[in-house]
Amino acid sequence: MAAVTDHPPDGDRGRPLERFPCTSRTAGVITLAALAVAVVLVLVDGVGLAHWAVVAALVLFGLGVWLTMVRPTVHVHEDHVLVRNALTDTAVPWHLVEGVEVRQVLVIRTDSQTVHGIAVGRTARQQLRKRTQGTRPTPLSGGLSTPESSGGRGPAGESSRDPAGREVRGDYADLVAERLDNLAAKYRGLSTRHDALDKRWRWPEVIAVLGAMVAFALLVLLAVFA
């Protein structure tokens, strides 16, 4: 049997069927824009070693923001769901999905492994609130559960907003979990040629982070001892 990334279908080479962006994406983009302005202001002030050390620190912080607040997404393809985290991509064939739920992060359970996605999650306060509102089993969960909603809306008939700022009926995390459950049931017959999860490191991002850390450390040392 082939791994998920062997002979990928056309959908993997182009746009996914659906995307579920990180809940903090908007805040991340705003933060990156502010950091870009900060870099410009630092360089306008001067181009000494201390200035470049500050720039390296801002770049390193910006990488952290992008990796944790912007890059994480969940991509839906016909034969797998791709969970993009800060430094890894994990492709899960639909027929291996046994349950989906959202705790502190998105949890996709298979028979052998559990895949965590940081794109969708809840704070400790939100989790406590959900526990007091009751739960219901997901279609594929076999005992796993997601918070119960009321008529497609939040527990009190409330609506929420997705990362793009659009109003959605109910809790965004609940809607993502339920949607993935439904897609797993719909597409599981198309993924049977894949027999395992495929987890891969994102080496460009790893190298970028390591490079920024080394540059920052060297510039600080040079600025201090120059």
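None of these values were measured; they are calculated from a predicted model.

Before we move on, could you go through the environment of Thr-31 and cite the residues and values that matter?
Within the secondary structure layout, Thr-31 lies in helix 2 (residues 25-45). In this structure, the C-alpha to C-alpha distance between Thr-31 and Met-69, residues 38 residues apart in sequence, is 9.6 Å. When sequence neighbours within four positions are dropped, the list of residues in contact with Thr-31 reads Phe-61 and Val-65.

Hey, could you go over the packing of helix 3 (residues 49-70) against helix 6 (residues 203-225) for me, with residue numbers and the actual values?
Running from N to C, helix 3 and helix 6 point in directions that differ by 155 degrees, and their axes come no closer than 8 Å. Taken as axis vectors, helix 3 and helix 6 run roughly antiparallel relative to one another. Judged by the sense of rotation from one axis to the other, the crossing of helix 3 with helix 6 is left-handed. Contact residues: Leu-49, Ala-50, Trp-52, Ala-53, Ala-56, Ala-57, Leu-60, Leu-63, Trp-66 and Leu-67 in helix 3; Glu-205, Ala-208, Val-209, Ala-212, Met-213, Phe-216, Leu-219, Val-220, Leu-222 and Ala-223 in helix 6. When the residues that make up the contact of helix 3 with helix 6 are grouped by side-chain class, the tally is 19 nonpolar, no polar and one charged.

Which residues make up helix 2, and what values go with them?
Helix length check: helix 2, at 21 residues, gives a terminal C-alpha distance of 30 Å against a target of 30 Å (1.5 Å per residue), a fit within 8%. Buried within helix 2 we find Gly-28, Leu-35, Val-39 and Val-42. The buried side chains of helix 2 occupy one side of the element, clustering within an arc of 70 degrees when seen end-on. Facing away from the buried side of helix 2, by more than 90 degrees, are the exposed residues Ile-30, Leu-41 and Val-44. Looking at the buried residues of helix 2, the elements they touch are helix 3.

The rules we used
- Residues numbered from 1 in each chain as written.
- Predicted model: local features only at pLDDT ≥ 70, side-chain atom pairs only at ≥ 80, totals over all residues.
- Heavy atoms only, no water.
- Helix = DSSP H or I, 4+ residues; strand = E, 2+ residues; numbered from the N terminus.
- Contact = heavy atoms within 4.5 Å.
- Axes fitted to C-alpha atoms, helices over the stretch in contact; angles between N-to-C directions.
- Parallel < 35°, antiparallel > 145°, perpendicular 65-115°, else oblique.
- Left-handed = near helix turned anticlockwise from the far one by under 90°.
- Nonpolar A, V, L, I, M, F, W, Y, C, P; charged D, E, K, R; others polar.
- Expected span 1.5 Å × (residues − 1).
- Buried < 20%, exposed > 50% of the residue type's maximum accessible area, 1.4 Å probe, protein only.
- Arc of directions from axis to C-beta.

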